[in-house]
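Topology and contacts: notes
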Amino acid sequence: MNDVNVPGGVQAVPAVPEMNDEPWQAVSPRYVHVLRMAVLGNALFLAAILLAVFWVRAFPEGGNLILAGCLALLACGTVAMLVFWAPRRVRFTRFLLRALDMNLRTGLWWRKTVSVAINRIQHMTITQGPVERLLGLSCLTLYTAGGASADLTLPGLESETAQHLKAQLLLQISNENEEPG
Amino acid sequence: MRTKSLDDEGQWHRVSVIATFYFLLRSLRQLIRAWPALVPLIAGGERVRELLWYFGLPALLVLLLVSVFLYFWYFRYRIERGRIHIQSGVISRHNLNLDFERVQQADILQPFYFRLFGLATLSLESAGSAQQEVSIPGISCEEAGRIQSAIQAYRKTGQMAQKTGSAHSDTCPDGEALPDYELRLSWTDVCRYGLMHWGLLVALAALFPVLQSSDVLLELAISRLEETVLVQWAAILREQQMTQTAILVAGFLILLLAVLVLALFSMLAALLRFGHYHLTQRGDQYRYRAGIGTVRTRSLRMHKLQQIVVTQGAVARLLRRYSVSISKVQAGAEGAAAGSSRFLIPVLTAISLEQLSGRLELPRPRWSGVDIRYIAWHTITAGTAVVLALALFLQAMGQPGWWSLPGYAVVFLCVWRYWSCLGIFQDQSWLAVKSGFIGSTTAWVPVHKMQKIMLSQPPWLKAWGLANLHVWTAAGRLTLPFLAYSGAAALRDRTLAQVAISRRRWY
C-alpha cells in the first residue's frame, strides 16, 4: 500500500502513483464456480420462461421450431459463457486498496475501473450467498452516499480477506477527521 | 386549540384541528395512487359498479373521515433539548425522534387553507441513508418559525436557542439584516417559466400510459367521447360533405386553440407555484419564498450543494431566459423527498445568471469538445435502430423497407448537432458537462462532493483509445463521454486525489 504525500496542505493535490503500476490483487480462483452457477441459474430461468410461453401456445404456426431454435441459442450462449466468459471474468477482476482509495477493475473487452475515496465510505457489508458460503467466499460492499449505483462491490474474496479488508478500511475511516464545509 | 410556546419544552402538543384538512388531502393522494385496485371493480360488471357507487364509495368516505380525525387526535409532537419527538398513527403507532443536528433542511409551507388561520406546516428533512421527510402540519406561523430558528441556531452553536434567538426565520422577515443578494421575479417572468416548461403537457403525457394500460377505462373514455359535442360536430361536418381543406383548417384551428389553452394553464400553474418569488442570500444560506395559493419557503446552505443544473429549453432560448436547479440529496429519493431536494430558481436573465454564478463561485468555463468519433458511433447505433424500426413499419404498410435508408442521414444530422453542443469543463473545484440540441443543459458538480468515479472502456472506445468517465455525487451521475484514455485516467486520478485529501464536508 502506498502512502500519499500532501505538500502544501489541503489545497495541494498529491502526486498519485499511476494506477496501472500499482500491485492489483486478484480475487479467488474459486469465484469462477460462483459465476458459473449464476449463469446456469439465469439460463434455466430463461428456459423456463420459454417453455411457459410455448405451453400457453403464444407462438404462431411453426412454434415448435421457434422454441427449438430459441433453446438452442440459449444453450450455445450458456456454454460460451461457462467456458469462455466466466474464467476470463475472474482473471480480469482485480482490486487495489491504497492509503486514500479503494479500486476495482473488471472486464477484458469491456474494461471498467471503479474508484471510491476512503473518506466517502458510509458503511460496509460482507455478504455470502449459498454458493459462496460453500466455497468459503464473500462479497464486500462499500456504500457511499450516491445511491445504489454509487456503491462498490468486491466479489469473489476469500472470507478472511474480506474480513481483513473491512477491518483495514474501518481503521482508515476512523482516522479521517472532517472539518465543516 | 391553545397555541403552544417553544418554552413549553418537554410537553406534548397537539396540532390545530384545521390540520385534519391536511391529513385528509394526504389520505386522498394516497387513495388516488391506489387506483389500480379500482380496475377489477369497474370491470366487474354493472352490478358490481352499482354496489361500488351506492355502498362502496359512501363507506369509503365515512372510513376516510373517521381515520383522518383519529389520526389528528393521536398526532402530537414534543420539543426537548436538541431533539423533536413525534407520535403518530392510530392502529400502528409511530414514535419518531429526530435530533436537530440530523435535520438537513427545515422549510415552512403555508397552503391556502392554513393561511386563513395563521397556520403553517413545518417540514423537516433528515440526513442519513433513510432521507426521511417529517412534517408537522397545523401549527402557528410563530411556532413554526421558532422551531426552525431553534434548529438553525442549534446547528450553529450546538445549544438549544431561546425564542428570541438570532437565527434567520422565514416568518419573521421584519428587522433582519439586509441580504447579501436578492432576486425578485415579476409576474411576467413567472409566466415565462410556465411557457418554458409546459408542466401541464408533461402531466397530460404522463396520464396517457395510465389510460392505455386499462382497456376498460379506455373503452369507457371512448364511449363518453362519442357523446361529446365535438364528435357530434365532426359527424355533422362529414354529413354535410365539407371539403377536406375546410376540415383540415378546422382541425388546425382546434389544435391551435388547445395549445393556447394548455399554455394558459401552464402559466397559471407557474403563477400559483412561483408567484411572488423572492430569493435572498445571507452568508452561506440561500432562501426563497414563493407561491400564491400555497406559500413555500425553501432554504439551502452552500455546503449541502451537490449539483447545479442550468437549463435553457427551446422556448426559453427564444425568451432568452434560464432556469437553475440546485440539488442536494441522494439519487433515488422519491416523491416529496425528491421535490424538496431541489432548490429551484425558475427564471433568470443572462445578467442575473452571471450574477448568481458569481455568488455560487462557478468559474467562467472554457469548454473543450468531445471526440468526433462520437458522431460516427451514435450515427451507426442509433441510425441502425431507427432505420430498422422504420423498415419494419414500411413493410407492414406494404412499402419497400429500403426506403428507410435515408434515415441514416437524418440521424447523422441530429447526432452532429448534439455533438456540436457537447462540452466538457474541469478545473480544481468543478466538473461540468454541457449538452443540448436547440436549448442547452449544463450540469456542474463540485469535485469534493464526488462519491464514486468510474473509467469505462467498451470495446469500441478501447479500439479508439477513448474512454467514458462517470462521476457520482449524492445528486446522481455525471458522464464525460468519449475522452482520450490518457486524459480521462489523469482526470480520474487528479479528482480522486482531491477528494481523498479533502477535509470539506461532502453533505
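What you see is a predicted model; the values in this text were computed from it and never measured.

Counting its secondary structure elements, chain A contains 4 helices and 7 strands. Walking chain A from its N terminus toward its C terminus, one meets helices and strands in the order β-α-α-β-β-β-β-α-β-β-α. A total of 181 residues make up chain A; the buried ones form 36% of that total. A separation of at least 24 residues holds for 53% of the contacts in chain A among residues at least 6 apart in sequence. Working note: accessible area of chain A is about 10200 Å², and carbon and sulfur atoms make up 63% of it.

Moving on, we get to the overall build of chain B. For chain B, the count of helices and strands is 17 helices and 20 strands. Scored against the burial criterion, the 507 residues of chain B give a buried share of 44%. A sequence separation of at least 24 residues applies to 58% of the contacts in chain B between residues at least 6 apart. By element, 63% of the accessible surface of chain B is carried by carbon and sulfur atoms, the whole surface being about 26800 Å².

Residue and element names in this part refer to chain B. If you trace the 4 strands from one edge of the open sheet to the other, you get β1-β2-β3-β4, paired in antiparallel fashion. Pairing within the sheet leaves two strands with one partner each, and these edge strands are β1 (12-14) and β4 (94-99). Neighbour to neighbour, the strand axes of the sheet diverge by 25° on average, direction disregarded.

What follows is about the packing of aromatic side chains. We describe a pair of aromatic rings using the distance from one ring centre to the other and the angle between the two ring planes. All names here are of chain B. Enumeration according to the criterion identifies 22 aromatic pairs over all chains in this entry. Both rings, one in Tyr-193 and one in Phe-274, keep their centres 5.0 Å apart while their planes meet at 80°; by these two values the pair is edge-to-face. Here Tyr-193 is found in helix α6 (residues 187-197), whereas its partner Phe-274 is found in helix α10 (residues 244-274), with 81 residues between them in sequence. The pair Tyr-193 / Phe-274 is uniform in exposure class, with both members buried. Considering the side-chain rings of Tyr-288 and Phe-343, the 5.0 Å spacing of their centres and the 65° angle between planes classify their relative orientation as edge-to-face. Note that Tyr-288 is positioned in strand β10 (residues 285-290) and Phe-343 in strand β14 (residues 342-348), a separation of 55 residues in sequence. Given a relative accessible area of 1%, Tyr-288 falls into the buried group. You can call Phe-343 buried: its relative accessible area is 1%.

Residues and elements named next belong to chain B. A contiguous nonpolar surface patch, about 820 Å² in accessible area, is contributed by Leu-28, Leu-31, Leu-51, Trp-53, Tyr-54, Phe-55, Leu-57 and Leu-60. For the nonpolar patch, the secondary-structure elements that each account for two or more residues are α1 (19-33) and α3 (46-74). Considering every element that reaches the nonpolar patch, the biggest residue donor is α3, with 6 residues. Looking at the element boundaries, Leu-51 is found in helix α3. Classification of Leu-51 as partly exposed rests on a relative accessible area of 38%.

Tracing the backbone through its elements, the reader meets Gln-451 of chain B in the loop between β17 (440-446) and β18 (452-457). Among the polar contacts made by the side chain of Gln-451 of chain B, one reaches the main-chain amide nitrogen of Ala-145 of chain A at a distance of 3.2 Å.

To continue, consider the nonpolar core. Residue and element names in this part refer to chain B. In this structure, Val-370, Tyr-374, Leu-431, Leu-469, Leu-478 and Leu-480 are the most contacted members of the largest nonpolar core, which totals 38 residues. Contributing elements (two or more residues each) for this core: α14 (373-396), α15 (407-421), β16 (430-435), β17, β18, β19 (466-473), β20 (476-484) and α17 (485-501). Considering every element that reaches this core, the biggest residue donor is α17, with 7 residues. With sequence-adjacent residues up to four places away left out, Leu-469 is seen in contact with Ile-453, Met-454, Leu-455, Leu-478, Thr-479, Leu-480, Leu-483, Ala-488, Leu-491 and Arg-492. Within the second largest apolar cluster, 35 residues are counted, among which are Ile-84, Val-103, Phe-114 and Leu-122.

Another aspect to go through is the sheet that holds strand β4 (residues 111-117) of chain A. Hydrogen bonds along the backbone pair up the strands of a sheet, which may run parallel or antiparallel. As summarised here, the arrangement of the 7 strands in space is β1(A)-β2(A)-β3(A)-β4(A)-β18(B)-β19(B)-β20(B), forming an open sheet in which the pairing is antiparallel. Sheet topology places β1 (25-26) of chain A together with β20 of chain B at the edges, where each strand pairs with a single neighbour. In this structure, β19 of chain B lies alongside β20 of chain B, joined through 7 bridges in antiparallel fashion. Looking at β20 of chain B, one finds that Thr-473 of chain B is bridged to Gly-476 of chain B.

So, about the confidence of the model for chain A. Here chain A averages 84 in pLDDT, while 85% of its residues score no lower than 70. Here residues 1-11 of chain A is a poorly scored stretch, pLDDT under 50, and it has 18 contacts once near neighbours within four places are set aside; other chains count.

All right, on to empty space enclosed by the protein then. Residues and elements named next belong to chain B. Taken as a whole, this structure holds 4 cavities of 30 Å³ or more when the rule is applied. In this model, the largest cavity occupies a volume close to 130 Å³. Lining the largest cavity are 13 residues, with Gln-104, Gln-105, Gln-152, Gln-285 and Arg-301 sitting closest to its centre. Breaking the lining of the largest cavity down by element, the ones donating at least two residues are β5 (103-110), α5 (141-157) and β11 (295-301). No other element matches the 4 residues that β5 contributes to the lining of the largest cavity.

Turning our eyes to something else, we now look at unusual backbone geometry. Most peptide bonds adopt trans geometry, and most residues besides glycine take a negative phi value. Residues and elements named next belong to chain B. You will see that Arg-320, though not glycine, has its phi angle at about 55°, which is positive. Looking at where Arg-320 falls in the secondary structure, it is placed in the loop between α11 (314-319) and β13 (322-327). The backbone of Phe-482 sits at a positive phi, close to 55°, despite the residue not being glycine. Within the secondary structure, Phe-482 is located in strand β20.

Here we come to the state of the cysteines. Residues and elements named next belong to chain B. Tallied over the entire structure, the rule returns 0 disulfides over all chains. Of all cysteine sulfurs in the structure, the one in Cys-421 sits closest to Cys-414, which takes part in no disulfide; the separation is 12 Å. The class of Cys-414 is partly exposed, set by a relative accessible area of 35%.

The next subject is the packing of α14 of chain B against α15 of chain B. All names here are of chain B. Where α14 meets α15, the closest approach of the two axes is 9 Å, and the angle between their N-to-C directions is 140°. Considering the angle they form, α14 stands oblique to α15. α14 and α15 meet at a crossing whose hand is right-handed. Along its contact with α14, which presents Tyr-374, Ile-375, His-378, Thr-379, Ile-380, Ala-382, Gly-383, Thr-384, Val-386 and Val-387, the element α15 presents Gly-407, Tyr-408, Val-411, Phe-412, Val-415, Trp-416, Tyr-418 and Trp-419. Here the contact of α14 with α15 is composed, by residue class, of 13 nonpolar, 5 polar and no charged.

Conventions adopted
- Residues numbered from 1 in each chain as written.
- Chains lettered and ligands numbered in written order.
- Predicted model: local features only at pLDDT ≥ 70, side-chain atom pairs only at ≥ 80, totals over all residues.
- Heavy atoms only, no water.
- Helix = DSSP H or I, 4+ residues; strand = E, 2+ residues; numbered from the N terminus.
- Buried < 20%, exposed > 50% of the residue type's maximum accessible area, 1.4 Å probe, protein only.
- Contact = heavy atoms within 4.5 Å.
- Areas by Shrake-Rupley, 256 points an atom, 1.4 Å probe, with all protein chains shown as cover.
- Pairing = 2+ DSSP bridges.
- Axes fitted to C-alpha atoms, helices over the stretch in contact; angles between N-to-C directions.
- Phe/Tyr/Trp six-rings, centres within 6.5 Å; stacked < 30°, edge-to-face > 60°.
- Patch = residues over 30% accessible without salt bridge, like charges linked within 9 Å, V, L, I, M, F, W, Y side chains within 5 Å.
- Salt bridge = Lys/Arg side-chain N within 4 Å of Asp/Glu carboxyl O.
- Polar contact = N/O pair within 3.5 Å; in protein donor to acceptor, adjacent residues only side chain to side chain.
- Core = buried A, V, L, I, M, F, W, Y, C linked by side-chain atoms within 4.5 Å.
- pLDDT = per-residue confidence, 0-100.
- 1 Å grid on protein atoms, 1.4 Å probe; cavity = no way out; pocket = protein on both sides within 12 Å on 5 of 7 lines; lining within 4 Å.
- Points joined across faces, edges and corners; volume = space filled by probe spheres on them.
- Disulfide = S-S within 2.5 Å.
- Parallel < 35°, antiparallel > 145°, perpendicular 65-115°, else oblique.
- Left-handed = near helix turned anticlockwise from the far one by under 90°.
- Nonpolar A, V, L, I, M, F, W, Y, C, P; charged D, E, K, R; others polar.

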